Amino acid sequence: MKKLFRSTFMYCGKRYERTSTVSKEEADKKAEKHKRDLEDGLVGISKKMRVKAWAREWLEVYKKPGITEKSYRNYKRYIDKVIIPQIGELRLIEVTDVHLQKLMNSRAGKSYSDLKHLRDTVKAIFRKARESRLINYDPAEFLILPQYTKGKRRSLTDFEREHFLRVAEQHPSGLMFLMMYYCGLRPGERDALDWRHIDFIRHRIKIEKAVESGTTNIKAPKTAAGVREVPIPDELYHKLLERRGDPFSPVFAQSTTGRRHTETSRAKSWKSIIKALDDSMGAKWGKVKAKDGKMRLKKIVSVIAPDLVPYCLRHTYCTDLQRKGVPLKTASYLMGHATIAITADIYTHITEDMLNEAAQKIGASSSVTDQSQSHKTA
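On a predicted model such as this, the values are computed, not experimentally measured, just so you know. Residues take numbers from 1 onward in each chain, read along the sequence in its written order. Where totals are concerned, whole chains, interfaces and linings use all residues; where local detail is concerned, this predicted model gives features only for residues with pLDDT of at least 70, and gives and counts side-chain atom pairs only at 80 or more. Side-chain calculation: all heavy atoms of the structure are included, whereas hydrogens and water are not.

**Overview of the sheet that holds strand β3 (residues 198–199)**
Working step 1: Note on pairing: two strands pair once DSSP finds at least 2 bridges between them. Strands are runs of DSSP state E lasting at least two residues, helices are runs of H or I lasting at least four, and both sets are numbered from the N terminus onward. An order of β3-β4-β7 is seen for the three strands of this open sheet, with the pairing classed as antiparallel. Of all the strands in the sheet, the pair left with one neighbour each is β3 and β7 (228–231).
Working step 2: Note that β3 and strand β4 (residues 204–207) share two bridges and pair antiparallel. In the strand pairing of β4, I198 is matched with I205.

What follows is the structure, given as C-alpha cells:
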C-alpha cells in the first residue's frame, strides 16, 4: 500500500487537509493552493467568496435543476458576459448598491427585455446570498432600470406582404410560415401540431400543445388562454388538405429526417425564407474577388429590414383582425393572449389603410358640410 502524505492548515477556525501519494512537498503545495483559493473566495461557501464563484454556484445549485436548457444558457450568458467582467472579483461582502446600479447603467440603451432579465438575474443572485446569510443586506433590492429601448413587434409592410406571399407559395418551408400568417400561431404552437389537430370538416385548428422554447419537449401552452380553436382561411385550407398526413404525425417536419423540427432546423427554414424574400424584393448581387483570387457572385446589398422576424407574421394576423373589424375580445381569444390588454396594445397600432380611410371620411364630411353651407348661402 502506498504511503499517504498529509498536510493540514486552519482557516477561519476550520481545519483543512490535503493529501498526496507522491511526497510531503506535494501535499504541502496542494494545501497552500487550497488555502489561497479559500482566501481568494474561489472555493467554499463563505462571506468572503467572490461574486464570480457565488454566481456560478447559484446557477448550478438553485437554477439549473428547474429550468430549460435555453433558460440556463441565457442566465449563464448574463453571468459570464456581464456580471463577472464588472464585479466578479469583488467579494460578496464588498458589493454595494452603487456597484450594482453602475453595472445596470453600463447597459443603458439596450432593450427593455435585456435589461429586465439582467436585473432579475442580479436580484435573484443577491437575494439568495442574503437568504443564505452570506451578506447582511441585499444590495440589489432597489435596482432601477436605466434608459432603454422598448421595441414593438410589427406587422408586415404592404411591400413585404406582397413578396412574402409570393415566396411562401413556392418555397419548401413556405407552409410553416403561412400557418403563422393566416392563423396567428406562435412558432411553438405551430411546431407541436399533429394532423389530428386539423379539423378539415369544421375548418378549424385545435391548439392544445406547444414545443417548449429551446427544447424539443411538447407540453401545454404557458397559459390556459393558449388552448383555443382558430379558423382556417380558404387560402390555407386547400394547401393543408393537399399535404394531409397520418393523424399522429407532425404537420411540419424536417425534409431530411421526417421528424419534428428542432430549434436549429426552424432557424434554417426561416433563414432560407429570408434569403428568397431578399432576392424577390430586389437584393443586389455583384462579382467580388474571393480569397483564392477568383471572381465570384455575392450579395452586396440586402433590402431585408433587420427587424423582420417570424413573429411579424403573427403580429400581421392580429393587425388584419383589427382591419377586418373583429371585436377585441374575439381577437384576444384567437391570439391566445392571457389578457385582453396584450391584444389591445396591438389593436392601438394605426395602419396606413386606417389613416387613408380616416382621410376619406374627413374629406367626405367636409364636402357635405361645404355643400350645406353653399346651399344656405344661395
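Read on, since the account is not over.
**Re the nonpolar core**
Working step 1: By nonpolar core we mean a set of buried residues, namely Ala, Val, Leu, Ile, Met, Phe, Trp, Tyr and Cys, connected to one another through side-chain atoms within 4.5 Å. Burial classes: relative accessible area under 20% of the type maximum marks a residue as buried, over 50% as exposed, and values in between as partly exposed (1.4 Å probe, protein chains only). Core analysis: the biggest nonpolar cluster contains 44 residues, and F164, M179, L236 and L240 have the highest contact counts within it.
Working step 2: Put simply, the parts of the chain that give this core at least two residues each are α6 (158–170), α7 (174–183), β4, α9 (234–243), α10 (263–281), α11 (311–323), α12 (328–335) and α13 (340–347).
Working step 3: Among the elements that make up this core, the one with the highest residue count is α7 (nine residues).
Working step 4: Whether two residues are in contact is decided by their heavy atoms: any pair within 4.5 Å suffices. Apart from the residues lying within four places of it in its own chain, the contact partners of L240 are L175, M179, W195, F200, I232 and V251.
Working step 5: If you look at the next biggest cluster of nonpolar residues, it comprises 30 residues, including V51, L92, L118 and V122.

**Some remarks on the confidence of the model for the chain**
Working step 1: Every residue carries a pLDDT, the predictor's confidence in it, which falls somewhere between 0 and 100. Counting all residues, the mean pLDDT for the chain is 87, and 90% of those residues have values of 70 or more.
Working step 2: Note that pLDDT drops below 50 for residues 365–378; the model gives that stretch zero contacts with residues more than four away or on any other chain.

**Looking at the pattern of salt bridges**
Working step 1: When a carboxyl oxygen of Asp or Glu is within 4 Å of a side-chain nitrogen of Lys or Arg, the pair counts as a salt bridge. Going through the model one piece at a time under the given rule, you end up with 33 salt bridges.
Working step 2: D80 is the salt-bridge partner of K76, the closest N and O atoms lying 2.5 Å from each other. Remark: D80 and K76 occur in helix α3 (residues 69–87); sequence separation between them is four residues, near one turn of the helix.
Working step 3: Look at K76 and you get partly exposed, because its relative accessible area is 36%.
Working step 4: Classification of D80 by relative accessible area gives partly exposed; the value is 26%.
Working step 5: When the shortest N-O distance is used, the salt bridge between R266 and D191 registers 3.1 Å.

**A short note on the environment of A53**
Working step 1: Note on placement: A53 falls in helix α2 (residues 51–63).
Working step 2: A53 sits 39 residues away from L92 along the chain, and the two C-alpha atoms are 9.6 Å apart.

**Points about the side chain of Q101**
Working step 1: In this structure, Q101 sits in helix α4 (residues 97–105).
Working step 2: You can call Q101 buried: its relative accessible area is 18%.
Working step 3: Leave out the neighbours within four places in its chain, and Q101 touches L143 and I144.

**Concerning the state of the cysteines**
Working step 1: Any pair of cysteine sulfurs within 2.5 Å is marked as a disulfide. All told, the structure shown has zero disulfides when counted by the stated rule.
Working step 2: Free cysteine: C312, not disulfide-bonded; nearest cysteine sulfur from C318 at 13 Å.
Working step 3: Assessed through its relative accessible area of 1%, C312 is described here as buried.
Working step 4: On the accessibility criterion, C318 (0% relative accessible area) is buried.

**With respect to the packing of α11 against α12**
Working step 1: At a minimum axis separation of 10 Å, α11 and α12 run at an interaxial angle of 160°. Comparing the axis directions of α11 and α12 gives the class roughly antiparallel. α11 and α12 meet at a crossing whose hand is right-handed. For the pair α11 and α12, the contacting residues are R314, Y317, C318 and L321 in the first and A331, L334 and M335 in the second. Here an axis means a line fitted to C-alpha atoms, over the contact stretch when the element is a helix, while the angle between two N-to-C directions is reported on a 0 to 180 degree scale. Every angle not falling under 35 degrees, over 145, or within 65 to 115 is termed oblique; those three ranges are roughly parallel, roughly antiparallel and roughly perpendicular. Put simply, a crossing is left-handed when the front helix is turned counterclockwise from the back one by less than a right angle, and right-handed when it is turned clockwise.

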